[in-house]
Every structure is written in C-alpha cells, then in structure tokens.
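Reading the structure
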Amino acid sequence: MRYFKLLVLCFILSFQAYGQSTTDVNVRSLKTHANSCNSGCTGYSGNANSHTEFDNMVDLNSQGTSLHVDTVVDILSLQGPRGNTSWDPPRARNERFAIVYHGWVKPNKTGNYAFRTRTDDSHEFMIKGLGYTDDIVTKHYGWNTWNTRTNVYLDKNTWYEFEMRIQNFGGAFNAQFQYRIPNSNTYNQLGGSNGSSHPFGEWSATDPTADPITASGYIKGAEEQGIAGQVVYLKTQNKNQPGFSYTTADTATTDANGYYSFNTSLNYNDYDFTIDIAPEPDILTVSDINWFQNRILTGPVSSKDYWRMDVNNTGSFSVSDIYTMHQKRHGNSAFANYPNSAPTLWTTNSWQNPTIWPAVAADSDDKTQFSGYGAWSLFDLANGNQTTFYVIRAGHKN
Amino acid sequence: MKLKNILLTLVLVMSSLTIFGQTTAPDATKPYVILDSAYALESVTSGNATVATIYYDNTSGNDVKGVQFSFNYDNTVFDPPVIAYGGTSGAGSDFYLSSSEASGVVKVVWVYTGSTTSFDIAAGGMFTVTLPFKSSYTNGAVADMDFTNNLTAYYAKADGTDGALGTSDNGGNFTEPAFNYTATILNNATNPAESIPVILQKSSDGSTWTDVTSVTTAVDGTAVFSESLDQGYWQIRLKIASGLDASTALSTADANLIAQIAAGVQSASGVQFYTANPNQANSVTASDSYLVFARLATNGTSYANNPDVLFFTEAQYNTISNATSDQSGSIPGLTEFLSPQINGTTSGNFYLLILGDANGTGLN
C-alpha cells in the first residue's frame, strides 16, 4: 500500500513536471537606445510612444536596437511579465532594454475574459486573430498605468498566438499582467496565488497546431544514379493564394547519393510549397562520350538516348553527335549551344501525372514529345513530400 | 607519227590511272571511304593475318571531323577482324575509334576528339582491317568486302551535323598471294629455246594437277609467271607438253654428222649420245643418219616412233653434257616435261635436246 501511494505521488509529480513545460514561452531580450543614437536615427523615443515606435524598438534592423538573447522562459515565473518590481526578465542591463514575450496560449475556459496590464515603461499585449487593431488587447505608452480590456472572447479549444512587449528606458522597471476568467469578478495575477487557483491555460513556445513543412527525395540521372551537388529549392507562397508566385524559402544541396531533404519550421497551414530544381550540366567527360560512341554501334537502345545522345537534335545517333560532344567538352564557342536548338536538360519526377519515367527508362522509341517536368510541379503534404527527380543531361551518360 | 605516239602515251597514262586509281574519291560531291580493287591474302600456312586497307579521300572542300560506316567480309574464311586507325591525318592521339562485328558485318565509328577547329581528315589509307584466317580454312574462294547499310555512312561536319559519306567499292576482292617465277628453257647453256609453251600447274594433293596458265618462252628462253597462287597451299610445277615439232632444227648437216659419228670418224660428245641417236636404239649408227635423211627427204614433221624433243632438268643436263659416255640408260629424258615442284623458288633452268639435231642448232 505504501508503494502504491509512492507510485501515485511519482505519477502526480511527473504530471506536474510535464505540465510545467506547458508554461514555456519565447522571450527576446533587446538592448535599446544605443548611446550614439537618438530618436532621429532609431525611429523611437525614450518610451515607445506609439505602436510604430514599439515596432521600431523591437526591430533588430533599427539602428539603436541590438539583440541580447533569444531564449525560453516559464511565463509564470518572475522571468515572465509579472511580479511588479520583482519582475526579473533576462536582460543585459536595467535600463534601455525591451522584452518581447511570444508564444501560443490556449485558455482553460471558453467565454469573455478581461485583461489589464501595467508596466514601467511602455507595453503592448497582443493576441492575433481577434480582430483588434494591430492585434493589441491592452497597451500603454508611458509608465505605471493600468490598461484594461474586457469582453475578450476566447475559445478553450483554440491556441492563440500572443505577444507582449515591455520596455524600460530609465529608472525602475516592473511588470504586471492580470486576467479575469469568464463569469468571475476578480482578477488573477499571472503566476500569482490567484493565478495558480485559476490558471489561465496552457502556454507554448511553439505553435502546437503547426504542421512543419518537410520534404526529401533524390535527383538522379539517366542511369538512375544520384547526382551530387545539385541545388534544390523549396519554394512557398501563402496558403490558398491564387496564382503561382512561389518564392524560394529554403535551399538544399544533394549529397553523393543525390539525396536532398528539407526540415523547416515553416507551417504548412500558412504556406503552400513546391520543390524545384535547377540542375546544371557538368563538363562532359571523355569516358561518357566514348560510351556514347560505342553505343552507336549497338544502335538506339533507350528512349533516354534521344535526349542525352542526340545532341545535335537530328533524330538519329551518329558520329556528328560524338564530335559535337567533344567540342562542347573543349569549350569550343561554336558549340556554346547545341546544334538545332537541342535541349541540354530534360527532367521529370515521380510526381508527374501520368508518370512517364518508367516508360522512358525501359523503352527504346523516341519520346521527346513528352515535355517532362514543368507542367506538373506542385507538391503538397496532402499527397506526400517525397519525390525523385530524373534528369537527363545532353552528353551525359547519367 | 608524232601524234600517234602522243595518243599512245595518253592511253598508257590513262591505263595507269585506271590501275592505280582505286583509292581515290570518284567525284567531288562528298568525302569517300574506299575499298581497293583487290587485297592480297596472306598464305594460309604463314600464320599471319591478311591486312586490307580502307582508304579515305575527299575533294569536296568540306572539312570532315569524323566518319561512320559499315562493311562486310567473308566470315566463313576469316575470324572477326581487328580495325585500327592507320591514317595520316595528324590526329595524333586525338581520335577515338570504335568498331563492332556481328555476323560478318563490321561497324566503324571514328571521330576527331581534339580541339583544333580547322582539323580535317587527310586522304590516304585510313583503316587497316586485320583479318585472321579461321582455323578451319585452308584454301578456296573468298568473298569480297562490300560496304553495307547496317550503319548509315555519315561524316561529321564542322557544325556538328551529319553529312552523307560516300562509299566507293572498287572490288574489295581477295586474291591469293603472288607467285612469281621465271622458267628459262635452254637448248644448251648459251642457246635459249624460244617459243616453247610452258604451263604452270597446281595441285592440292600432288596427284591431280590443274593448269593455271601457259606462257610461251621469249627469245631469251624465259617464261615469266606472275600469278595469285598460295604456294603455302598449292603444289606447283611446270609442264611442257609433248609433240613439239623440231623440224627447223634438222638439216643434212645433222645427218652427215651422225654418219661420221657412226663411222667412228668423230667421237660423240655428251649430248650427242641423245641428239645423234634419233631412233633411241642401241648407239649411234647409220640408221640414225638415215632416219634424219629420210625425214628431210620426205619433209616429215615428226618421227614415226620417237619424239622430236626430250626434256631434262639442269642437273640432268649437266651430267649428260659433262659425260663421255651415253647416259640415256639412267637419264632417259622426258617426252612430256613435268618439272619437280617449284614451290619456294623464283626461277629455274630447264633443257631440251632435239633428237637428230646432232650439231645442236636447237629450237630458236
């Protein structure tokens, strides 16, 4: 019986320990008001006197602002926005600093909340998606003045992205953050005794609903051997954005096996994405060219040959193709472009629908009427995130 | 007369060009690969492979950077050949040659791999085709080489596109290796026999002989043979048929001389034991003299029971010539001359003696 009680205690402690992790949020500590700079060059005054000034103050591109540290803190601890004069955020100094708390929170109850905040000096408390101007729930540009907003409706099943900015130009610094849960008349101090009695909800430094974009695959040549050193682009555009205006969000380079992978923090709920490649033909090699020459003796034996071997685009394989390859290899300027506008690259991938690579790889007829990759370039997590690109390069065996 | 000589000279020049013009382009419309009219086979017993050269020529004015073509060969005679670049294009090592063989068809691709943009293949022998005999082959007909369409004949232009490569087949025939021989037929060491028809014969087994050709001796007694004949395979000999009419060599002087020998007025020399004994019976007697007188008196063209001519090898003749007695018992001579095998030799002297020609006029 005694062991059973001990087991229950351990379970409770473990649960609590786990629960503590749900109060972590991100914090960015900044040094502000660089000595050699004034409001004319920083874009903000002693106190952040407007949302624009606050934006400038927490912007690392501002001339007077620099990063002290990016870290994670327990928002219910005194490192969080609480404790009044006991507030103890990570900071480089006691004056001319700014603290930005950022994370996600899911309230324990559904209903109308009230929030009030008071800091020294200015602050802004923001929750995204509620429709408030600049997402600001409470704010004060100055010091030691409570600002209150009531009837803030929150759903207990929703994770809300929040941000709270606090800055101190000079003198003392402090912070208080209080909330009133639905159907209650009293405010709870975040992390205080009341707050512990009526905890606000779960906190997170990362978006619990995020679906990070990942992708992987191979770039292989005509002989289905990986091509190393090829740059692969992960391109995104805003979710459900009409049209096709993807821009590069990340790049990777294939390894010796032609393998690439992306593990991003980009939220698939926010972005559509695609994988793009821009293979570059290497300098042709004598061994490859000799292989092609010997291949003339056996005749066209693969559909792939119509791209990689018919470099003068005559529809046949002959000694003139071989001569052209050698001149290309030598860098003869007359062969900067292959004769008859012969293509240098043809690509497809296992996503192409209908997939044509198996036929290209196995058959021996001319399939150059297939346009290859380009018409089917979209990938999405709904269909998977792995693919193999096949690249046929003129003058290259693989 | 001068004009006639000029025309004759032109005919000779044209004939020479016809003979030796088998390795040049037939026209200037395009570059050509060329098969010569004939290629000499190696002897089957030599252990060597036959080598045929494929030529290249181009008078079109277009630079040529590479060629491809195909040809066939007699794969019942030869094992698959080895193709090598034997050109003089100055390509050094800046070329790559590949070839393949299947069912008697050879495909060839040759390309310039260097960076000199002005490169152009030079005319001349470009490829050597080394053809080893099959182990089962001994002798027999060899089919000629021909260009085929198994690999379209192209040349690579300077702009990297195809051009039509001409194929000029002047025969591509294979002939047995040359056999050259000069037979000299003599009445004696200083008296050549003219207008003697000498036959060259060959035999694969030594029993059945076939005439190859016949040459009549010239004024110097020589019959010159130049034939395609593999003496490594064939047994070769000379033949002079019997029945020669040697009437022109006979005269009353011969009959008188025979009578003097028969009477013991003169002694017979070595050869006179044959020439003074036209009836080939006993020794030299009055009947021999009579036989000659009778033939002359009747304008006869032959003897009733004896040939006009007997043939001897040089060794036999020397023995007879140096003898002081009749050697006909051991060296009777041949009515129809069949020489020993002449394989491995290039010339030989053979002698004839005319029965009744005691004074050695001979056939001239």
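Look up a bit, the structure's there.
Residues numbered from 1 in each chain as written. Chains lettered and ligands numbered in written order. Predicted model: local features only at pLDDT ≥ 70, side-chain atom pairs only at ≥ 80, totals over all residues. Heavy atoms only, no water.

1. Description of the sheet that holds strand 4 (residues 111–120) of chain A
Residue and element names in this part refer to chain A. Just so we agree on the cut-off: In short, DSSP must find at least two bridges between two strands for them to pair. Think of it this way: any DSSP run of H or I at least four residues long counts as a helix, any run of E at least two long counts as a strand, and we number them from the N terminus.
Read from one edge to the other, the open sheet built from 4 strands follows the order 7-4-9-10, with strand pairing classed as antiparallel. Edge positions in the open sheet fall to strand 7 (147–154) and strand 10 (188–189), since each of these has one partner strand only. As paired strands, strand 4 and strand 7 are joined by 6 bridges and run antiparallel to one another. Within the sheet, the bridge partner assigned to phenylalanine 115 lies in strand 7 and is arginine 149.

2. Remarks on the packing of helix 5 (residues 286–298) of chain A against helix 7 (residues 319–330) of chain A
Residues and elements named next belong to chain A. Applied cut-off: Where helices are involved, their axes are fitted lines through C-alpha atoms of the stretch in contact, as for all axes, and angles between N-to-C directions lie from 0 to 180°. Orientation is classified from the angle alone, with under 35 degrees giving roughly parallel, over 145 giving roughly antiparallel, 65 to 115 giving roughly perpendicular, and any other angle giving oblique. Residue contacts follow a heavy-atom distance rule, with two residues in contact if any of their heavy atoms lie within 4.5 Å. Gly counts as polar in this scheme, as do all residues outside two lists: the nonpolar Ala, Val, Leu, Ile, Met, Phe, Trp, Tyr, Cys and Pro, and the charged Asp, Glu, Lys and Arg.
The geometry of helix 5 relative to helix 7 is characterised by a closest axis approach of 9 Å and an angle of 175° between their N-to-C directions. Relative to helix 7, helix 5 is oriented roughly antiparallel. On helix 7, the residues touching Val286, Ile289, Asn290, Phe292, Gln293 and Ile296 of helix 5 are Val319, Ile322, Met325, His326 and Arg329. For the contact of helix 5 with helix 7, the class distribution of residues is 7 nonpolar, 3 polar and 1 charged.

3. A word on the environment of A:Tyr233
All names here are of chain A. Selection criterion: The buried label goes to any residue with under 20% of its type's maximum accessible area, the exposed label to any with over 50%, and the partly exposed label to all in between, with areas taken from a 1.4 Å probe on protein chains only.
As for its placement among the helices and strands, tyrosine 233 is situated in strand 13 (residues 231–238). Judged by relative accessible area, tyrosine 233 falls into the partly exposed class, the value being 25%. Put simply, tyrosine 233 and histidine 51 are 182 residues apart on the chain and 36 Å apart in space, counted from C-alpha to C-alpha.

4. Let's talk about the pairing of strand 1 (residues 32–35) of chain B
Residue and element names in this part refer to chain B. Side chains of strand 1 alternate between two faces, with Tyr32 and Ile34 and Val33 and Leu35 buried alike. Sheet analysis places strand 1 next to strand 12 (residues 166–169), joined by 4 bridges and oriented parallel. Each bridged residue has a counterpart across the sheet, and for tyrosine 32 the counterpart in strand 12 is glycine 166. Here 4 bridges tie strand 1 to strand 3 (residues 50–57), and the two strands are oriented antiparallel to one another. Opposite tyrosine 32, over in strand 3, you have aspartate 57 as the bridge partner.

5. Considering the packing of helix 2 (residues 252–263) of chain B against helix 4 (residues 286–297) of chain B
All names here are of chain B. How we decide: Left-handed is the label given to a crossing in which the near helix is rotated counterclockwise from the far helix by less than a right angle, and right-handed is the label when the rotation is clockwise.
Interhelical geometry of helix 2 versus helix 4 gives an angle of 170° and a closest axis separation of 8 Å. As judged from the angle between their axes, helix 2 and helix 4 are roughly antiparallel. As helix 2 runs across helix 4, the sense of the crossing is left-handed. In this structure, helix 2 uses Thr252, Ala255, Asn256, Ile258, Ala259 and Ala262 to contact helix 4, whose residues at the interface are Ala286, Asp288, Ser289, Val292, Phe293 and Leu296.

6. Regarding the sheet that holds strand 15 (residues 259–267) of chain A
Residue and element names in this part refer to chain A. Taken in spatial order, the 4 strands line up as 15-12-19-17 in an open sheet, and their pairing is mixed. The two strands at the open ends of the sheet, each matched to only one other strand, are strand 15 and strand 17 (345–349). Neighbouring strand axes in the sheet, compared pairwise and without regard to direction, differ in orientation by 25° on average. As paired elements, strand 12 (residues 212–220) and strand 19 (residues 386–393) share 5 bridges and run parallel to each other.

7. Some details on unusual backbone geometry
Cis geometry marks the peptide bond from A:Asp120 to A:Asp121; its omega dihedral reads 10°. Mapped onto the elements of the fold, A:Asp121 is located in the loop between strand 4 and strand 5 (123–127). For A:Asn144, which is not a glycine, the phi torsion comes out positive at approximately 55°. As for its placement among the helices and strands, A:Asn144 is situated in the loop between strand 6 (136–140) and strand 7. Overall, A:Asn144 belongs to the partly exposed group, its relative accessible area being 29%. Even without a glycine there, the phi angle at B:Ser103 is positive, about 55°.

8. Quick look at the interface of chain B and chain A
So the rule is basically this: Accessible-area loss on putting two parts together, using a 1.4 Å probe and summing over both, is the definition of buried area adopted here. Note on definitions: salt bridges are taken to be side-chain nitrogens of Lys or Arg within 4 Å of carboxyl oxygens of Asp or Glu. N or O atoms within 3.5 Å of each other form a polar contact, as long as, within protein, one can give a hydrogen and the other can take it, and as long as residues adjacent in sequence are counted only when both atoms are side-chain atoms.
Opposite the 29 residues of chain B that make contact, chain A presents 23 residues. Both sides together, the interface formed by chain B and chain A hides about 1800 Å², and carbon and sulfur atoms give 59% of it. Three residues stand out in chain B for area buried against chain A, namely B:Tyr96, B:Gly160 and B:Asp162, and they jointly supply 25% of the buried area on that side. The interface formed by chain B and chain A holds 0 salt bridges in total. The tally of links from chain B across to chain A stands at 14 residue pairs in polar contact (both at pLDDT 80 or more). Broken down by secondary-structure element, the contributors of at least two residues to the side of chain B that touches chain A are strand 4 (66–72), strand 6 (95–102), strand 7 (105–112) and strand 10 (154–156) of chain B. For the side of chain B that touches chain A, the leading source of residues is strand 7 of chain B, giving 6 residues. In terms of residue class, the side of chain B that touches chain A is built from 13 nonpolar, 11 polar and 5 charged.

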